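One-letter residues, chain by chain:
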Amino acid sequence: MQMQQQDHIPLDEGWNKMEGGFSKFIDIMEGGFREPFALALHSELYTNCYAMCTQKAPNNYADQLYNRYGNIYESYLKEKVLPAIKAKQGESPMLTEFAKRWKNHKLLVRQMWKLFVYLDRFYIKRISGLPLKAVGVQKFEQVVFNAVKDKVREGILELIEKERKGEGVDRTLLKSVVMVFVEIGDWRPLFPTRVGEELGDIGAARFNIYNKELESQLILATSEFYARESSQWIGTDSCPEYMKKAEKRLQEESERVHAYLDKVSEEKLLKECEQQLLANHQTALLDKEETGCRALLREGKTDDLKRMYQLFKRLPNTSNACGLQPISQIVREHIVDVGMGLVRKQEGEKDHANYTQQLIDLHDQYLTLVQGPFENNQLFQKVLKEAFEVFVNKDIGNSTTAELLSTFCDNIMKTGGDKLEGEIDVNLDKIVMLFSYLSDKDMFAEFYRKQLAKRLLLNRSASDDDERSLITKLKYRCGAQFTSKLEGMLTDMNVSKDTQNNFSTWMKNNEIGLGMECGVTVLTTGFWPTYKVDEVALPNELIKCVDKFTQFYESRTSHRKLKWIHTLGTCVVLGRFDAKPIDLVISTYQACILMLFNQQLEYTAADIASATKLPMEELKKYLQTLALSKYTVLLKTPKCKEMADTDVFAFNNKFTDRQRKIKMSLLVTKVSADEKLSTKQTVDEDRKHAVEASIVRVMKARKTMPHQQLVMEVSGQLMKLFKPDPKVIKNRIESLISREYLERDKDNNGVYKYLA
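Residues numbered from 1 in each chain as written. Predicted model: local features only at pLDDT ≥ 70, side-chain atom pairs only at ≥ 80, totals over all residues. Heavy atoms only, no water.

Visitor: Which residues make up the overall build of the chain, and what values do they have?
Guide: A count of helices and strands for the chain gives 29 helices and nine strands. Since a compact globule built from 756 residues should have a radius of gyration of about 27 Å, the 47 Å found for the chain marks it as more spread out than a globular shape. Expressed along its principal axes, the backbone C-alpha trace of the chain runs to roughly 160 × 65 × 65 Å. Every one of the 756 residues in the chain was classed for burial, and the buried ones make up 46%. Within the chain, contacts between residues at least 6 apart in sequence are counted, and of these 70% link residues at least 24 apart. About 39800 Å² of surface is accessible on the chain, with carbon and sulfur atoms providing 48% of the total. (Helix = DSSP H or I, 4+ residues; strand = E, 2+ residues; numbered from the N terminus. Rg over C-alpha atoms; globule rule 2.2 N^0.38 Å. Buried < 20%, exposed > 50% of the residue type's maximum accessible area, 1.4 Å probe, protein only. Contact = heavy atoms within 4.5 Å. Areas by Shrake-Rupley, 256 points an atom, 1.4 Å probe, with all protein chains shown as cover.)

Visitor: Hey, could you go over the sheet that holds strand β8 (residues 742–744) for me, with residue numbers and the actual values?
Guide: If you walk across this open sheet you meet the three strands as β7-β9-β8, and the pairing is antiparallel. The two strands at the open ends of the sheet, each matched to only one other strand, are β7 (704–706) and β8. Strand-to-strand twist across the sheet, computed as the mean angle between neighbouring axes with direction ignored, equals 30°. When β7 meets strand β9 (residues 751–754), the two strands line up antiparallel, connected through three bridges. The residue bridging proline 706 from the neighbouring strand is valine 751, located in β9. Contacting β8 and β9, helix α29 (residues 726–738) crosses the sheet at an angle of about 100° to β8. (Pairing = 2+ DSSP bridges. Axes fitted to C-alpha atoms, helices over the stretch in contact; angles between N-to-C directions.)

Visitor: A description of the packing of helix α22 (residues 480–509) against helix α23 (residues 540–556) should follow, citing residues and the corresponding values.
Guide: For the pair α22 and α23, interaxial distance at closest approach is 11 Å and the crossing angle is 105°. In terms of axis orientation, α22 runs roughly perpendicular to α23. Across the interface between the two elements, Thr499, Asn502, Phe503 and Trp506 of α22 pack against Lys548, Phe549, Gln551, Phe552, Ser555 and Arg556 of α23. Looking at the contact of α22 with α23, its residues break down into four nonpolar, four polar and two charged. (Parallel < 35°, antiparallel > 145°, perpendicular 65-115°, else oblique. Nonpolar A, V, L, I, M, F, W, Y, C, P; charged D, E, K, R; others polar.)

Visitor: Lay out the state of the cysteines with the relevant residues and their values.
Guide: One pass over the full model with this rule turns up zero disulfides. For the unlinked cysteine cysteine 518, the closest cysteine sulfur is that of cysteine 545, found at 4.0 Å. With relative accessibility at 17%, the residue cysteine 518 sits in the buried group. (Disulfide = S-S within 2.5 Å.)

Visitor: Hey, could you go over the packing of aromatic side chains for me, with residue numbers and the actual values?
Guide: Tallied over the full model, the rule gives 34 aromatic pairs. Between phenylalanine 22 and tyrosine 76, the ring centres sit 6.1 Å apart and the planes meet at 80°, which makes this aromatic pair edge-to-face. Placement of the pair is phenylalanine 22 in helix α2 (residues 11–30) and tyrosine 76 in helix α4 (residues 62–86), with a sequence separation of 54 residues. In this structure, phenylalanine 22 and tyrosine 76 share a single accessibility class: buried. A network of ring pairs unites the aromatic residues Trp15, Phe22, Tyr69, Tyr73, Tyr76 and Phe116 as a single cluster. It is lysine 133 that lies over the ring of tryptophan 113; its NZ or CZ is 4.1 Å from the centre. Geometry around phenylalanine 225 places arginine 164 over its ring, the cationic atom sitting 5.8 Å from the centre. (Phe/Tyr/Trp six-rings, centres within 6.5 Å; stacked < 30°, edge-to-face > 60°. Lys NZ or Arg CZ within 6 Å of the ring centre and 35° of its normal.)

Visitor: Explain the pattern of salt bridges to me, using residue names and the numbers behind them.
Guide: Two side chains carrying opposite charge are able to pair once their charged atoms lie near each other. If you walk through the whole model with that rule in mind, you get 51 salt bridges. Put simply, lysine 24 and glutamate 35 hold a salt bridge, and the shortest N to O gap is 3.6 Å. Of this pair, lysine 24 sits in helix α2 while glutamate 35 sits in the loop between α2 and α3 (39–54), placing them 11 residues apart in sequence. Residue glutamate 35 is classed as partly exposed on the basis of its relative accessible area, which comes to 43%. The partner of glutamate 253 in a salt bridge is arginine 256, with the nearest N and O atoms 2.4 Å apart. Linking glutamate 253 with arginine 256, this pair stays in helix α10 (residues 239–260), spanning three residues, or about one helical turn. Taking the relative accessible area as the measure of exposure, arginine 256 reaches 2% and is therefore buried. Each of Glu163, Arg164, Arg171, Glu253 and Arg256 takes part in a single network of salt bridges with overlapping partners. (Salt bridge = Lys/Arg side-chain N within 4 Å of Asp/Glu carboxyl O.)

Visitor: Give me the pairing of strand β1 (residues 570–576): which residues, what numbers.
Guide: Residues Cys571, Val573 and Gly575 of β1 are buried on one face, while the alternating residues Thr570, Val572, Leu574 and Arg576, pointing to the opposite face, are not. The hairpin turn running from β1 into strand β2 (residues 581–587), its antiparallel successor, is four residues long.

What follows is the structure in structure tokens.
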């Protein structure tokens, strides 16, 4: 019986051994680990714990060991650790002791777990109890942390405020103290082990203690600090100075988080800083009279504008008074003001030739701003577009921007016109960008078509590649239908070259001689502008050319009819002057006039009109180019600028020039007032058809539709080409009703029905 009693370890005897090992490790730890914890002692204590847990009942003491394990921590913490922390005076000494004690406690928990590990492996799993390591952390929280947390937090916040005011602090100490709040909330990462542990819900509330006991108070203290500081700044500092300070503060707070706070605080902390430094003072800051956003835009302070963008993009665009939204509106207003100033300046000038280039330069300036300081943000792209649409669609005098832009294109595309600096393709992109802001894109297309026709027919186009490049860019912007006529015109010119070669071969084969070179361009009626047909009396030499080409063309095609347009024809005639013969490059009508002087020396204006069958008003314009221009090929009597039917014109034998070949004014190269008026009338007529076609398309698909909804749908479809007037839409609806395409609903006059 005595042998059996000695086989088990009594509770008090066994526990005294375990408690002795606990005390021994504390002594070693308090002594700075100058001696190691003996391996033999470790093995003895582990074996002792194992034996006490595996003894048969009633001598199995696992329950008692588990309970006493927690109690021994509690006693040690109350008797030694808590008094040592409370004894320290001042933030730094107290925080230093607190951090040191927590570090030692982690070492203690790890060592004790190694001695009592058998409990963790089997007993705690069986009873679903708190793991040993969690017990150690829990006891520190209950005994020490809860007793000193308020003073520790005050110490942390005081040191942070000192650092914000520019004083030096021990960041390593702060980091170690702050980490206590994090580590107490989640004990698992502190004690890595290969032994499987039942985690339960212990780690689910990670950061709860940190958030509740430190972070919430830190956010509140941060808010109060920056509310005070920003209120001082806004009253004394300029906008750029304020932004530099705010930028520095935000950077410091971010660095502070990375230095000694937990990363989960960064977003909340910076958000509070942004609220106090930026959001609360945004309106006052942007509206500062001499240094605010408007002043920065006026003075071109791109660095400050970039800083403003970088700061305020942090804020959410939740309203018109927060984030980038108010800045974008100020940018929009500024661009509109500058653009309208340019419009008003142009209205006071007679010549608007530079207006389009000024618009392009203005767009380059603000596009650079959007792409640079504002990082091509979509909000600023949108306000740039909206701002330009305001003033680009203002008429300048009697001219629309669509017309002026088309004329600008004509000037750079024709030979002898203005040449832009840089790559032509880049400049064409800028033109198309400006074109995209036009509400009357169809007006531009019609003017451009007429000017392109003149460039092509008068052989004034500088580059076919550039012509095609611009048309391709317009096609990409507005679709194939928009540029179909322009592409057809270029195709006609290429086909005409082949036709001309075939005509030359045909004449050679048939041994036909015209006595002169003759070139004919065959155009497709639908592609080209409509030209006024004058029944001009051609000289015999030209009549022969017309007859022979007609004969050739009709021999090749039987379903096409030629209609001769001499308006844009050109001739090279040889003028035999006394000094020397000179080649004159002139229009067909000018040639008809000059060829008369081969028959007699003098004619009155009335005689010339009768002989050429040109209308008198038209004739007078051509006579001015021949008698009153730089090149006086004809002499006028009397010598005055006014034209009368009785004025006499004679061939000027004495005329001479340094050049052997001269180009005279062709009149038709520029858009005349009549052409401008007819272009606008053509566009208005085309718009009526476009509106009707859109109405029919919509009604055919919907069958029945209320008036307001129909107007909105039609406007939406046509907006890419022009901005339709609701009154015009209403008139076209009435026209379609009268022609029985639509009818009004019998029960509701505001609803239309489609008639198939």
